[in-house]
Amino acid sequence: MSRRANMLFALVLAPVLALISSGSALAEEAQRWAVNMPKGVTPVSNTIYDIHMITFWICVVIGVLVFGVMFYSMFAHRKSRGAVAANFHENTTAEIVWTVIPALILVVMAIPATTALLDVYDTAEAEMDVKITGYQWKWQYEYLGEDVAYMSELATPESEIYNTAPKSQYYLQEVSAPLVIPAKTKVRFLITAKDVIHSWWVPDLGVKKDAIPGFVTESWAYVEEPGIYRGECAELCGKGHAFMPIVVNVLEKEEYNAWLGEKKAEVAAIRELAKKTFTMEELMVKGKEAYDRSCASCHMGNGEGIPGVFPGLKEGSAAVGPVATHLDVVVNGVAGTAMQAFGGQLSEVDLAAIITYERNAWGNDTGDVVQPIDILKFKQGQ
Amino acid sequence: MAHGPAKGIGRWLFTTNHKDIGTLYLWFSFAMFLLGGFFAMVIRAELFEPGMQIIKPEFFNQMTTMHGLVMVFGAIMPAFVGLANWMIPMMIGAPDMALPRMNNLSFWILPFAFALLASTLFMEGGAPNFGWTFYAPLSTTYAPDTVNYFIFGVHIMGASSIMGSINIIATVLNMRAPGMTLMKMPMFVWTWLITAFLLIAVMPVLAGAVTMMLMDINFGTSFFDAAGGGDPVLFQHVFWFFGHPEVYIIILPAFGVISHIIPTFSRKPLFGYSSMVYATASIAFLSFIVWAHHMFLVGMPIGGELYFMYATMLIAVPTAAKVFNWISTMFRGSITYETPMLFAIAFVILFTIGGFTGLMLAIAPADVQYHDSYFVVAHFHYVMVAGAVFSGTAAVYYWLPKWCGKMYDETMGKVQFWISFVGFNITFFPQHFLGLAGMPRRYADYALQFSDWNMISSIGAFMYGAAQLLFMFNVIRTIRSGTPVSEPKTWEGAEGLEWTVATPAPYHTFSTPPEVK
Amino acid sequence: MSASPVRKTLVKSLFGVVGMFVFAVFIMPPLYDVFCEITGIGGKTGGRYQVTDAGIDTTRTVKVQFIATNNGAMPWDFSPSVHEVIVHPGAPTEVAFYAKNRTGRDMVAQAIPSLTPFNAAEYFHKTECFCFNQQPLEAGKEADMPLVFIVDKDLPKSVKTITLSYTLFDVTGRTTKTTASNNSNYKEPVALLD
């Protein structure tokens with residue numbers, strides 16, 4: 001019953017309420033019932049918007065004219081109105097006219113389309129480069145020349161997806177770590193993929209480019225205004241296609257430099273942290289958080305996986321077998337399957353926490369504790 | 001020599017009669033339409049609200065893939081082959097198709113292929129889940145084991161189409177009644193002749209693509225795998241070299257049907273017959289040289305991208321000419337609005353809207369925002385559903401009396417039309433908004449700002465689906481107990497050899513060829 | 001028995017069908033490769049280059065950046081020793097890529113290059129590249145893999161930055177490819193699937 005009430009509300013009342021409510025609420029409602037492309041915050045996104053609107057209005061005008069003639073005929077030439085059929089069935093002049101005029105309209109459209117495309121392709125002389133790698137099912141961002149790289153994965157909890165918790169405002173559009181770039185800077189994106197084809201799309205930036213494994217593609221953006229801009233993966237890439245959003249946080253240049261400095265310090269700090277020893281409780285808490293973020297999408301929150309597709313992590317699995325094998329699977333992945341090499345993606349602290357959590361959660365209770373230093377040593381081959 | 005049909009199931013298994021085979025194709029395609037429609041209902045039910053309520057994302061990907069495969073290869077293409085089988089021999093005054101036994105084989109391998117494809121839903125690893133466009137490496141290195149059955153099914157279905165096309169070409173080129181020159185052929189025959197050449201040219205390319213996939217998956221080759229020196233983008237080129245002509249294969253016969261229905265119900269000859277033929281041929285030719293507009297974002301150099309943009313925009317010219325010709329046919333006619341005409345008029349309006357969004361998509365810079373979004377989904381459903389499916393539905397209402405000698409219920413037909421028309425638009429018009437607002441396609445779940453249009457779209461989908469059940473009810477009831485009609489020329493304004501034979505059409509027609517002036 | 005014109009149509013059509021299939025499988029892939037080589041599409045940079053002594057253009061410099069990606073579950077450490085170099089067109093330059101096999105088993109890798117912008121691909125010549133051959137590394141071993149390249153003097157003046165990307169693929173024991181559930185490449189005796 002309430003669902004029908006919801007529908008009625010959505011169909012009738014929402015637009016009405018939107019009109020009479022305050023400005024900010026109007027913006028929220030407007031975002032909900034959006035009917036058009038955003039103008040965006042880059043010169044390219046604005047150029048694209050303009051050519052989209054030009055093409056749209058040309059089509060509307062042509063449609064009104066053509067359908068106008070047709071509707072007139074449908075009304076005036078009805079047999080029930082006494083219309084008697086004429087007999088004409090060709091007119092070469094008319095044919096020529098309605099072939100040439102559309103062709104001319106197309107030529108006129110092609111000119112701004114060409115200059116717009118040249119803009120989209122103009123990646124030369126960028127001020128900074130970011131490498132973007134599409135993974136199943138998350139993104140990795142690497143700042144070329146800055147030794148800063150991190151994963152960016154969906155932060156929306158599974159409970160919201162499976163309807164056991166209410167959905168937050170940025171449901172499916174929030175990530176663990178956004179891409180951060182400076183405003184008023186020409187940023188070049190070098191895009192590739194680790195496994196299958198993905199596509200990096202941020203509508204407000206006017207950027208979309210396919211990420212192809214084994215190949216690099218490029219795009220660029222010059223963002224005028226600081227702000228948070230959200231995007232999506234735009235090429236079917238498996239079960240997590242809808243669950244690997246993009247968030248770009250554009251900061252003023254000074255703030256960006258400060259952020260970059262902090263990020264570099266963070267990288268150093270994590271290396272320091274890796275030498276520390278944690279308690280079982282600390283590892284379990286951190287492990288659950290990291291597991292839910294990076295592992296649960298395949299192995300599920302309850303560790304049961306999906307039979308036949310993603311293994312469970314309980315009886316008979318690597319999580320209750322020898323520690324060295326478990327480490328190998330998580331750090332090095334499993335060639336030929338969907339299990340990636342997380343050694344290159346997560347910090348030693350996260351890896352130690354996840355492995356400890358997997359070995360002790362869900363009744364596994366091995367009592368094993370893995371420290372970050374164990375991960376470091378394993379990676380170094382001892 | 002002529003005798004009536006055989007008795008029992010043997011009749012249907014062994015028939016070489018073009019009318020029987022047409023009937024088999026039409027019933028099969030309708031069953032596939034309901035199956036593909038069922039998958040669509042699952043999709044729209046899941047997308048009714050954000051969150052995963054009914055199915056898991058991995059199953060959702062199987063639904064979208066199977067919906068596309070079943071609709072394109074199991075519903076639309078066989079439906080128009082069925083119409084071709086029924087009508088082409090009668091339209092050209094031939095007794096049957098040129099190769100009647102091959103005709104039987106062409107049909108019977110189809111139920112086998114689609115049973116195999118549908119059975120993958122119940123196999124370990126699930127049905128194909130990589131989209132009906134099955135890009136590598138998602139469909140090769142990362143595919144479920146059922147991919148090999150998928151490839152086998154595609155090969156069989158492709159063989160069916162190729163055999164059917166050869167049959168049509170052989171029939172049309174060699175068996176026209178004396179006096180029927182090519183430029184006197186009905187438009188449905190012309191559009192099918194051109195379509196058959198397209199099929200012969202590109203179905204083998206699809207077979208090539210899936211064979212290369214098979215070899216990459218099972219025999220260690222690297223056509224599409226960068227590790228061995230191959231390229232996933234090569235797959236896209238080969239696929240779309242097939243894929244773009246494929247969409248014209250779908251729509252050209254639909255154009256042909258409209259070119260029969262509008263003159264009949266306007267009581268006026270088709271306007272500009274020769275330019276309609278030349279426009280169809282130009283569209284077919286152009287369809288070969290525009291494929292990469294499906295690939296504007298793979299990283300093509302700008303010269304290539306500009307070429308494909310210009311070539312794609314060009315197709316609008318002959319297509320627009322056809323629309324103008326249909327409208328000129330209606331203009332100063334004497335129009336009545338029986339159900340076939342309602343569907344035909346809706347075709348002209350809605351297909352044109354789909355054509356406009358196609359033109360927008362051709363603009364490569366704008367495609368940066370449209371590509372792989374719901375804007376594309378809206379576009380192709382406008383041209384394929386409001387285009388091809390409406391045309392096929394119109395054809396059934398139009399020719400059903402000739403096939404079975406009974407008239408369908410006109411009021412029910414009009415109701416079915418209106419529910420379809422309204423339901424279709426409620427389903428797909430909002431999808432333009434979703435795409436422009438930033439929702440990608442093949443998404444099992446979505447952010448909250450996309451909720452409202454998704455809910456409305458799902459409501460429309462259920463409405464449209466219900467209308468198809470009403471269609472089935474009308475057709476079956478007509479066949480079993482409809483009002484008998486026996487006028488050869490069932491419709492006042494109908495012209496053509498098919499309207500000179502008795503109603504219902506005898507089992508064998510034109511055993512002696514007619515004289516065509 | 002079908003009429004002779006019908007049989008002729010059938011035979012011609014079948015030739016067409018077979019011809020298009022042969023075209024798709026045997027002609028399109030090599031045609032595509034040739035097209036890519038000529039135009040630089042996909043950034044494929046071609047095989048070993050024979051050095052000619054064309055001299056060095058000291059009037060301008062070009063920035064060459066390097067990026068490295070592990071494909072799939074490839075677990076090696078793989079990174080360029082420098083992330084960019086500034087070179088004169090015509091001057092041979094050597095850089096190294098560091099790779100380490102962190103696992104407990106011997107593996108073989110294949111590096112695949114991809115270069116952007118595409119119009120620079122035909123002007124980027126490799127005289128020595130670890131991508132020409134498969135690279136074996138025993139368990140725990142590391143290596144510095146060399147790349148020696150020359151940027152052609154005829155590189156269009158508009159190109160000031162070239163980005164060379166290498167993707168590392170695991171080709172250990174590769175004779176047949178795998179689908180998602182067939183992990184025959186994995187040699188450790190652990191039951192991973194329940």
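All values derive from a computational prediction rather than experimental measurement. (Residues numbered from 1 in each chain as written. Chains lettered and ligands numbered in written order. Predicted model: local features only at pLDDT ≥ 70, side-chain atom pairs only at ≥ 80, totals over all residues.)

(A) Structural view of the overall build of chain C. Assigned secondary structure in chain C consists of one helix and nine strands. Ordered by position from the N terminus, the helices and strands of chain C form the series α-β-β-β-β-β-β-β-β-β. Residues classed as buried in chain C amount to 38% of the 194 residues present. At a minimum sequence separation of 6, the contacts of chain C that also span at least 24 residues come to 73%. (Helix = DSSP H or I, 4+ residues; strand = E, 2+ residues; numbered from the N terminus. Buried ≥ 20, exposed ≤ 12 C-beta atoms within 10 Å, placed from the backbone. Contact = placed C-beta atoms within 7 Å.)

(B) Representation of the overall build of chain A in the model. Secondary structure summary: chain A contains 11 helices and 10 strands in total. The globule rule puts the C-alpha radius of gyration for 382 residues at 21 Å, and the 28 Å found for chain A is more than 25% above it. Across its three principal axes, chain A shows a C-alpha extent of roughly 90 × 60 × 50 Å. Burial statistics for chain A: of 382 residues in total, 42% are counted as buried. (Rg over C-alpha atoms; globule rule 2.2 N^0.38 Å.)

(C) View of the sheet that holds strand β7 (residues 207–211) of chain A. Residues and elements named next belong to chain A. Spatial ordering of the open sheet is given by β4-β10-β9-β6-β7, a layout of five strands whose pairing is mixed. A strand with exactly one partner marks an edge of an open sheet, and here the two such strands are β4 (179–182) and β7. Neighbour-to-neighbour, the strand axes of the sheet open up by a mean angle of 25°, direction not taken into account. Sheet analysis places strand β6 (residues 198–202) next to strand β9 (residues 227–233), joined by two bridges and oriented antiparallel. Within β9, the residue paired with W201 across the bridge is E232. Of the strands in this sheet, β4 and β10 (246–251) are in contact with helix α6 (residues 253–273), which crosses β4 at around 135°. (Pairing = 2+ DSSP bridges. Axes fitted to C-alpha atoms, helices over the stretch in contact; angles between N-to-C directions.)

(D) Examining the domain arrangement of chain C more closely. Domain boundaries assigned for chain C yield domain 1 (4–39) and domain 2 (43–170). Taking the mean C-alpha position of each, domain 1 of chain C and domain 2 of chain C sit 37 Å from one another. (Domains from an automatic or database assignment.)

(E) The nonpolar core, seen in detail. One finds I76(B), V189(B), A209(B), A344(B), F347(B) and A394(B) to be the most contacted residues of the largest nonpolar core, which totals 337 residues. Ignoring sequence-local partners within four residues, the contact set of A394(B) consists of V257(B), I261(B), P340(B), F343(B), A344(B) and F347(B). (Core = buried A, V, L, I, M, F, W, Y, C linked by C-beta atoms within 7 Å.)

(F) Here's a closer look at the domain arrangement of chain A. All names here are of chain A. Each assigned domain of chain A is listed with its residue range as follows: domain 1 (2–32), domain 2 (43–120), domain 3 (128–270) and domain 4 (274–379). For domain 3 and domain 4, the distance between their C-alpha centres works out to 25 Å. Every contact between the two is made by 10 residues of domain 3 and, on the other side, 11 residues of domain 4. Grouping the amino acids of the side of domain 3 that touches domain 4 by side-chain chemistry returns five nonpolar, three polar and two charged. (Nonpolar A, V, L, I, M, F, W, Y, C, P; charged D, E, K, R; others polar.)

(G) Here's a closer look at the interface of chain B and chain A. Residue-level contacts link 80 residues of chain B with 78 residues of chain A. Of all the secondary-structure elements, those providing two or more residues to the side of chain B that touches chain A are α3 (57–92), α7 (232–266), α9 (302–314), α10 (316–330), α11 (339–362), α12 (364–370), α14 (410–437) and α15 (451–481) of chain B. With eight residues, α10(B) is the single largest residue contributor to the side of chain B that touches chain A. For the side of chain B that touches chain A, a count of residues per class yields 52 nonpolar, 18 polar and 10 charged.

(H) Broad picture of the sheet that holds strand β5 (residues 186–193) of chain A. Residue and element names in this part refer to chain A. One open sheet accounts for five strands, arranged β3-β2-β1-β5-β8; its pairing is mixed. Bordering the open sheet on either side are β3 (148–152) and β8 (217–222), each of which pairs with just one other strand. Each strand of the sheet is rotated relative to its neighbour by a mean of 25°, with strand direction disregarded.

(I) A look at the pairing of β9(A). Residue and element names in this part refer to chain A. Across the seven residues of β9, five count as buried, placing the element largely inside the fold. As paired elements, β9 and β10 share five bridges and run antiparallel to each other. The residue of β10 that forms the bridge with Y229 is V248.

(J) View of the environment of A394(B). Residue and element names in this part refer to chain B. Examined against the element boundaries, A394 turns out to sit in helix α13 (residues 374–404). The exposure class assigned to A394 is buried, which follows from the 27 C-beta atoms found within 10 Å. The spatial distance from the C-alpha of A394 to the C-alpha of F241 is 30 Å, given a sequence separation of 153 residues.

(K) Structural detail: helix α10 (residues 348–360) of chain A. All names here are of chain A. Compared with an ideal rise of 1.5 Å per residue, which puts 13 residues at 18 Å, α10 spans 18 Å between its outermost C-alpha atoms and is within 8% of the ideal. Of all 13 residues in α10, 13 are buried; the element is thus mostly enclosed. A positive phi of about 55° marks W362, the residue just after α10. (Expected span 1.5 Å × (residues − 1).)

(L) Looking closely at the packing of α7(B) against α11(B). All names here are of chain B. At their nearest, the axes of α7 and α11 sit 9 Å apart, and the two run at 120° to each other. Considering their axes alone, α7 and α11 lie oblique with respect to each other. Crossing handedness for the pair α7 and α11: left-handed. Taken together, the residues of α11 that come into contact with α7 (itself represented by I258, I261, I262 and F265) are P340, M341, A344 and F347. Residues belonging to the contact of α7 with α11 are distributed by class as follows: eight nonpolar, no polar and no charged. (Parallel < 35°, antiparallel > 145°, perpendicular 65-115°, else oblique. Left-handed = near helix turned anticlockwise from the far one by under 90°.)

(M) Spotlight on the packing of helix α2 (residues 18–46) of chain B against helix α4 (residues 100–119) of chain B. Residues and elements named next belong to chain B. The N-to-C vectors of α2 and α4 enclose an angle of 20°; their axes lie 10 Å apart at closest approach. On the basis of their axis angle, the class for α2 and α4 is roughly parallel. By crossing handedness, the relation of α2 to α4 is classed as left-handed. The residues of α4 that touch α2, namely those facing H18, I21, L24, Y25, F28 and M32, are N103, N104, F107, L110, P111 and F114. The residue makeup of the contact of α2 with α4, split by class, is nine nonpolar, three polar and no charged.

(N) A look at the environment of R102(C). Residue and element names in this part refer to chain C. Within the secondary structure, R102 is located in the loop between β4 (93–100) and β5 (107–116). For R102, a count of 23 C-beta atoms within 10 Å gives the class buried. Between the C-alpha atom of R102 and that of W76, which follows or precedes it by 26 residues, the distance is 5.8 Å.

(O) Summary view of the pairing of β10(A). As paired strands, β4(A) and β10(A) are joined by four bridges and run parallel to one another. Paired with P182(A) across the two strands is L251(A), which belongs to β10(A).

(P) Focus on the confidence of the model for chain A. Per-chain confidence: chain A averages 90 in pLDDT, with 91% of residues scoring 70 or above. Counted against residues more than four places away or in other chains, residues 18–27 of chain A, with its pLDDT under 50, gives four contacts. (pLDDT = per-residue confidence, 0-100.)

(Q) Just the environment of Y337(B), in detail. As for its position among the elements, Y337(B) is in the loop between α10 and α11. Separated by 71 residues in sequence, Y337(B) and S266(B) have C-alpha atoms that sit 9.1 Å apart.

(R) Highlighting the confidence of the model for chain C. Residues and elements named next belong to chain C. With 84% of its residues at a pLDDT of at least 70, chain C reaches an overall mean of 82. Segment residues 175–194 is flagged for pLDDT under 50; beyond a separation of four residues in sequence, or across chains, it makes 51 contacts in the model. Among the scores for the predicted complex, ipTM is 0.95 and pTM is 0.89.

(S) Summary view of unusual backbone geometry. The amide bond that connects A136(B) to the next residue, P137(B), takes the cis arrangement and shows omega of -5°. Residue P117(C) is reached from T116(C) by a cis peptide bond, and omega for that bond is 0°. Examined against the element boundaries, P117(C) turns out to sit in the loop between β5 and β6 (124–129). Residues other than glycine seldom take positive phi values, yet K184(A) does so here, at roughly 50°. Tracing the chain through its elements places K184(A) in the loop between β4 and β5. Although it is not a glycine, W362(A) adopts a positive phi angle of roughly 55°. Secondary-structure assignment places W362(A) in the loop between α10 and α11 (372–379).

(T) Representation of α4(B). For α4(B), built from 20 residues, the straight-helix expectation of 28 Å at 1.5 Å per residue is met to within 8% by its first-to-last C-alpha distance of 30 Å. If you follow the buried residues of α4(B), they end up packed against α2, α3 and α5 (147–174) of chain B.

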